[in-house]
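# Working through the structure, step by step
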Amino acid sequence: QVQLVESGGGLVQPGGYLRLSCAASGSIFSIYAMDWYRQAPGKQRELVAAITSGGRTNYADSVKGRFTISRDNAKNTVYLQMNSLKPEATAVYYCNADIQTWSEGLPHDYWGQGTQVTVSS
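Being a predicted model, the structure only gives us computed values, none of them experimental.

Secondary-structure assignment places Asn-73 in the loop between strand 7 (67-72) and strand 8 (77-82). Relative accessible area serves as the criterion here: at 44%, Asn-73 is assigned to the partly exposed category. Asn-73 sits 39 residues away from Gly-112 along the chain, and the two C-alpha atoms are 17 Å apart. Polar contacts involving the side chain of Asn-73 include one to the main-chain carbonyl oxygen of Ser-53, which spans 3.5 Å.

Written as structure tokens, this is what we have:
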């Protein structure tokens, strides 16, 4: 059994910042890619940022230069530092990770429960 638990969401004014965290726990053998997605009301879920186990990163064009994804492999945790936040960043943010457990031969996708980010004055 694997769990992803996000934290750090909340209400912030435009131009402000937030740092999201997502910790994976359970019978984990290895974690490969870890990603952040978001879903705004009435919109499809979209990839915000991704990071490989080796630290290579990828960002949506809309957040490049303002968001930074990082991970601590020793803690099985991924972070999303969000700076210069805009109202259009308002969404539920989900953590996603490609995880192989001790009982499985192949990795599978796991999702967190989501954390709400609201950017408003």
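To continue, consider the side chain of Thr-77. Note on placement: Thr-77 falls in strand 8. A polar side-chain atom of Thr-77 sits 2.9 Å from the main-chain carbonyl oxygen of Lys-75. With near-sequence residues (within four places) excluded, Thr-77 lies in contact with Cys-22, Ala-23, Met-34, Ser-70, Arg-71 and Asp-72.

A few words on the pairing of strand 11 (residues 115-119). Of the two faces of strand 11, the one holding Thr-115, Val-117 and Val-119 is buried and the one holding Gln-116 and Thr-118 is not buried anywhere. As defined by bridge partners, strand 2 (residues 10-12) adjoins strand 11 across 3 bridges and the pair is classed as parallel. Bridging across to strand 11, Gly-10 finds its partner in Val-117.

The subject of this paragraph is the environment of Leu-11. Mapped onto the fold, Leu-11 is located in strand 2. Residues Leu-11 and Trp-111, spaced 100 residues apart in sequence, show a C-alpha to C-alpha distance of 23 Å. Not counting chain neighbours up to four residues away, the residues in contact with Leu-11 comprise Thr-118 and Ser-120.

With that out of the way, let us pick up the packing of aromatic side chains. To describe a pair of aromatic rings, you give the distance between the ring centres and the angle between the ring planes. Evaluated as defined, the whole model comprises 2 aromatic pairs. With centroids separated by 4.7 Å and ring planes inclined at 75°, the aromatic side chains of Phe-29 and Trp-102 adopt a geometry described as edge-to-face. On the criterion of sequence distance, the pair formed by Phe-29 in strand 4 (residues 28-39) and Trp-102 in the loop between strand 9 (91-101) and strand 10 (108-111) is long-range, its members being 73 residues apart. Phe-29 gets classed as partly exposed once you look at its relative accessible area, which sits at 46%. Overall, the relative accessible area of 61% leaves Trp-102 in the exposed class. Over the ring of Tyr-79 we find Arg-19; its NZ or CZ atom is 4.1 Å from the centre of that ring. Here Arg-45 stacks its cationic end above the ring of Tyr-94, 3.8 Å away from the centre of that ring.

Next up on the list: the side chain of Thr-101. Along the chain, Thr-101 falls in strand 9. You can call Thr-101 buried: its relative accessible area is 4%.

Quick notes on the rules
- Residues numbered from 1 in each chain as written.
- Predicted model: local features only at pLDDT ≥ 70, side-chain atom pairs only at ≥ 80, totals over all residues.
- Heavy atoms only, no water.
- Helix = DSSP H or I, 4+ residues; strand = E, 2+ residues; numbered from the N terminus.
- Buried < 20%, exposed > 50% of the residue type's maximum accessible area, 1.4 Å probe, protein only.
- Polar contact = N/O pair within 3.5 Å; in protein donor to acceptor, adjacent residues only side chain to side chain.
- Contact = heavy atoms within 4.5 Å.
- Pairing = 2+ DSSP bridges.
- Phe/Tyr/Trp six-rings, centres within 6.5 Å; stacked < 30°, edge-to-face > 60°.
- Lys NZ or Arg CZ within 6 Å of the ring centre and 35° of its normal.

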